[in-house]
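One-letter residues, chain by chain:
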Amino acid sequence: MTSDTISSFSQLALNIPLLKALDEVGYETPSPIQAQTIPLLLEGRDVLGQAQTGTGKTAAFALPLLSNIDLKEKDPQVLVLAPTRELAIQVAEAFQKYASHMKGFHVLPIYGGQDYSGQIRALKRGVHVVVGTPGRVMDHMRKGTLKLSNLSALVLDEADEMLRMGFIDDVEWILDQTPEDRQIALFSATMPQQIRRIATKYLNEPEQVTIKVKTATADTIRQRFWPVSGVHKLDALTRILEAEPFDAMIIFVRTKTATVELSDKLEARGYSVAAINGDIPQKQRERTIDQLKQSKIDILVATDVAARGLDVQRISHVFNYDIPYDTEAYIHRIGRTGRAGRKGDAILFVAPREKRLLHSIEKATKQKIEMMELPSTEIINDKRIAKFKQRITDTLATEELGMFYQMIEQYQHEHNVPSLEIAAALAQILQGDEPFLLQNKPQRSKGRDRESWDKEDGGRGRKPNRRDRERDRSQRRDSGPEDGMERFRLEVGHDHEVRPGNIVGAIANEAGIDSQYIGRINIHDEYTMIDLPADMPKEIFHDLKKVWVAGQQLKISRVGEGDSQPAKRKYSKRKPGRKPTDDKSRSDKPRASKSKPKKDKKKKAKKRAKDKKAKGKRKTGDAKPKKRDNKT
Ligand code: AMP
């Protein structure tokens, strides 16, 4: 069986509790990266995966590694290293979600800026999977609170981000302390030379996994995108639906559950809509598609599987509510419109973390996707008023209103109220509790355009990247901190061989500042000047004093008062009552040797595969790993 022929999770040798959880979360088919990676990791192979966020890479490593977990063992068996605390939390949540039927399973996220004691308590109780940022993982290893002697697998997630944030030495230090026969999966959106070097040095005859880029032109389809994520998607969608003239629309989401949820929400807002997904019997799906053809419904909310081959000429719009896993799926999706020589529209929601996928899609469709204007509150309200007036005109033209004339006339005489007031009262009755006009501010932020959006969030997937900005920071002429920024001094400099990346990485994680908000960095021999947002909370300032970078405590101090507006919300919120950390990250203790003999690699891989099989057999209820020749 090749990855192309895998169309359901049950074809993969995952254990039963995982398959049950996947069914509950509503995943219909493995994404391409999952179909390729899962069998390899189940077999005990090392994997070098080039995959971006949005491709389903988390499940690609979490599912097979969970399938191989021995719940009776209490020391960590899997360690995932992630560049940021947000990603660490997200990955830990994904493990928890997939392991919901694995009784007694524990995963623990550990990251900087968080109290140690809770993490230590949890580690003592026993965890199967640890997901952490490199600095904090190193700290726990040094303290002896994180023991990795039982580790069977290690994942480097977003390795290129870890490189950019200056964590790569830490990552190598950690790799050097783990058992030699552990399995490694390395995921990276790009493969810079340093990442390749790590792969060559530490991975054991890895299998390379990449996502195919299928190209196609889509001349008849106008493609637009809107940057939005999470709960704001529904609001953005409803605005677009109100303002965008469309005949019929297909909205793509990722899960079976999402088809039903979104369809219910749109129905409640008055749209004629239906959901189709792989769980809905074929007959019923056909009926729904017929209804769409006959204009009985206008919107279909569908998964990729359910919409395969769908051919309905009146579909004028394809809405990618959830971004597809790869360009091939995108091309399939948008091919549902622009049929029979007509013009079509494709709209795509892109979360900041999914920027790279957007760029891949542009490359594959050989078209720049324009950033759309989200309809303003004014436009929406004008549309609502126009529609309301039209309903009055249509009703006056087509309905028999005699009985109502009499009633209104009667009311007018009895109460001596002008007909205008009566009409207004009736409109209010018709409207019910829902406000007629939209009150909130438009989502479209002023001055936001494609170019500035590309640069936001570290410009992931686009040049110039964070490294360029770091260079810019150092090169920019010193003219004092910019608006909203304040200058700080750090007691680490060239003499300690510090690089901007080390500082950005440490501050981003320990202070919870997105690295885009870290300003100019000027490294001198003994110290560094850095511009940070001017509203740094006291406890973060306190914590940062103690953070270690390149063997030095930062001992951060203020250089001058920023005279400008505080830059709100740049520091992530901390839980009330949390104690300041006694962080000693990035200690100056000598690093362990990074070189590791390559000999016996093949032998070890074989032994590992054998051990895994034996482990798999011990577990009751687990499907056995699929037999395949081990290529090592
Ligand atoms: P990732 O690329 O790991 O960040 O995953 C992106 C999103 O895709 C997450 O919200 C996952 O829950 C979702 N996802 C991952 N695999 C699947 C799948 N096979 N079917 C549907 N959704 C998925």
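## Topic: the sheet that holds strand β8 (residues 221–227)
Now for step 1: The strand order β10-β11-β9-β12-β13-β8-β14 describes an open sheet built from seven strands, whose pairing is parallel. Unpaired on one side and paired on the other, β10 (273–276) and β14 (370–371) mark the two borders of the sheet.
Now for step 2: For strand β9 (residues 248–252) and strand β11 (residues 299–302), the ladder comprises four bridges, and the chain directions are parallel. Following the sheet pairing, F252 is matched in β11 by A302.
Now for step 3: In the packing of helix α11 (residues 256–268) onto the sheet, the strands contacted are β9, β10 and β11, and the crossing angle to β10 comes to about 175°.
Now for step 4: Against the sheet, helix α14 (residues 355–365) touches β8 and β13 (344–350), its axis set at about 155° to β13.

## Examining the site of the ligand
Now for step 1: Close contacts around the ligand come from 15 residues, with Y27, G54, T58, R254 and Y325 the closest.
Now for step 2: Contact distances for the ligand include 2.3 Å between an oxygen atom and a side-chain N or O atom of R254.
Now for step 3: Y325 places a side-chain nitrogen or oxygen 2.6 Å from a nitrogen atom of the ligand.
Now for step 4: Of the residues in the shell around the ligand, the class split is three nonpolar, nine polar and three charged.

## So, helix α6 (residues 134–143)
Now for step 1: Within α6, eight of the 10 residues are buried, which leaves it mostly tucked inside the rest of the structure.
Now for step 2: The set of residues buried in α6 consists of P134, G135, R136, V137, M138, D139, H140 and M141.

## As for the sheet that holds strand β5 (residues 153–156)
Now for step 1: Across the sheet, seven strands lie side by side as β3-β4-β2-β5-β6-β1-β7; this open sheet has parallel pairing. The sheet is open, and its two edges are formed by β3 (107–110) and β7 (207–210), each paired on a single side. Taken pair by pair, the neighbouring strands of this sheet meet at an average axis angle of 15°, ignoring direction.

## A few points about the pairing of β13
Now for step 1: Of all the seven residues making up β13, seven are buried; the element is thus mostly covered by neighbouring parts of the structure.
Now for step 2: Of the two faces of β13, the one carrying G344, A346, L348 and V350 and the one carrying D345, I347 and F349 are both buried.
Now for step 3: In terms of strand pairing, β8 meets β13 through seven bridges, oriented parallel. Residue pairing across strands places F225 opposite L348, the latter belonging to β13.
Now for step 4: The pairing of strand β12 (residues 315–320) with β13 spans four bridges and is classified as parallel. Residue F319 lies in a different strand from β13, and its bridge partner there is I347.

## Overview of the pairing of β8
Now for step 1: Within β8, six of the seven residues are buried, leaving the element largely enclosed by the surrounding structure.
Now for step 2: As paired elements, β8 and β14 share two bridges and run parallel to each other. Each bridged residue has a counterpart across the sheet, and for F225 the counterpart in β14 is M371.

## Concerning the environment of G132
Now for step 1: Within the element layout of this structure, G132 appears in strand β4 (residues 129–132).
Now for step 2: Look at G132 and you get buried, because its relative accessible area is 0%.
Now for step 3: In sequence terms G132 and I110 are 22 residues apart; their C-alpha atoms lie 4.6 Å from each other.
Now for step 4: Not counting residues within four places of it along the chain, the set of residues in contact with G132 comprises V80, L81, A82, A88, I110 and V137.

## Quick look at a nonpolar patch on the surface
Now for step 1: A surface patch of nonpolar side chains, about 340 Å² in accessible area, is lined by I392, L396 and Y405.
Now for step 2: Relative to the elements of secondary structure, I392 occurs in helix α15 (residues 377–398).
Now for step 3: On the basis of relative accessible area, I392 is assigned to the partly exposed category, the value being 41%.

## Thoughts on helix α17 (residues 419–431)
Now for step 1: Over its 13 residues, α17 runs 18 Å from end to end, which matches the ideal 18 Å to within 8%, given 1.5 Å per residue.
Now for step 2: After α17 finishes, the residue G432 shows a positive phi value of roughly 70°.

## What to know about the nonpolar core
Now for step 1: The biggest cluster of nonpolar side chains holds 59 residues, and the ones touching the most others in it are L186 and I507.
Now for step 2: If we ignore the near neighbours within four places in the chain, the residues touching L186 are V47, L48, G49, L156, A159, M191, I195, I198, A199 and L203.
Now for step 3: Listed in part, the 47 residues of the second largest apolar core include Y27, A51, A82 and A153.

## Some remarks on the layout of surface pockets
Now for step 1: Approximately 1200 Å³ is the volume attributed to the largest pocket.
Now for step 2: Along the walls of the largest pocket sit 32 residues, with E242, R269, Y271, R384 and K387 positioned nearest its centre.
Now for step 3: Contributing elements (two or more residues each) for the lining of the largest pocket: α10 (232–243), α15 and α17.
Now for step 4: Among the residues making up the lining of the largest pocket, the classes are represented as 14 nonpolar, six polar and 12 charged.

About the cut-offs
Residues numbered from 1 in each chain as written. Predicted model: local features only at pLDDT ≥ 70, side-chain atom pairs only at ≥ 80, totals over all residues. Heavy atoms only, no water. Pairing = 2+ DSSP bridges. Helix = DSSP H or I, 4+ residues; strand = E, 2+ residues; numbered from the N terminus. Contact = heavy atoms within 4.5 Å. Axes fitted to C-alpha atoms, helices over the stretch in contact; angles between N-to-C directions. Near = heavy atom within 4 Å. Polar contact = N/O pair within 3.5 Å; in protein donor to acceptor, adjacent residues only side chain to side chain. Nonpolar A, V, L, I, M, F, W, Y, C, P; charged D, E, K, R; others polar. Buried < 20%, exposed > 50% of the residue type's maximum accessible area, 1.4 Å probe, protein only. Patch = residues over 30% accessible without salt bridge, like charges linked within 9 Å, V, L, I, M, F, W, Y side chains within 5 Å. Areas by Shrake-Rupley, 256 points an atom, 1.4 Å probe, with all protein chains shown as cover. Salt bridge = Lys/Arg side-chain N within 4 Å of Asp/Glu carboxyl O. Expected span 1.5 Å × (residues − 1). Core = buried A, V, L, I, M, F, W, Y, C linked by side-chain atoms within 4.5 Å. 1 Å grid on protein atoms, 1.4 Å probe; cavity = no way out; pocket = protein on both sides within 12 Å on 5 of 7 lines; lining within 4 Å. Points joined across faces, edges and corners; volume = space filled by probe spheres on them.

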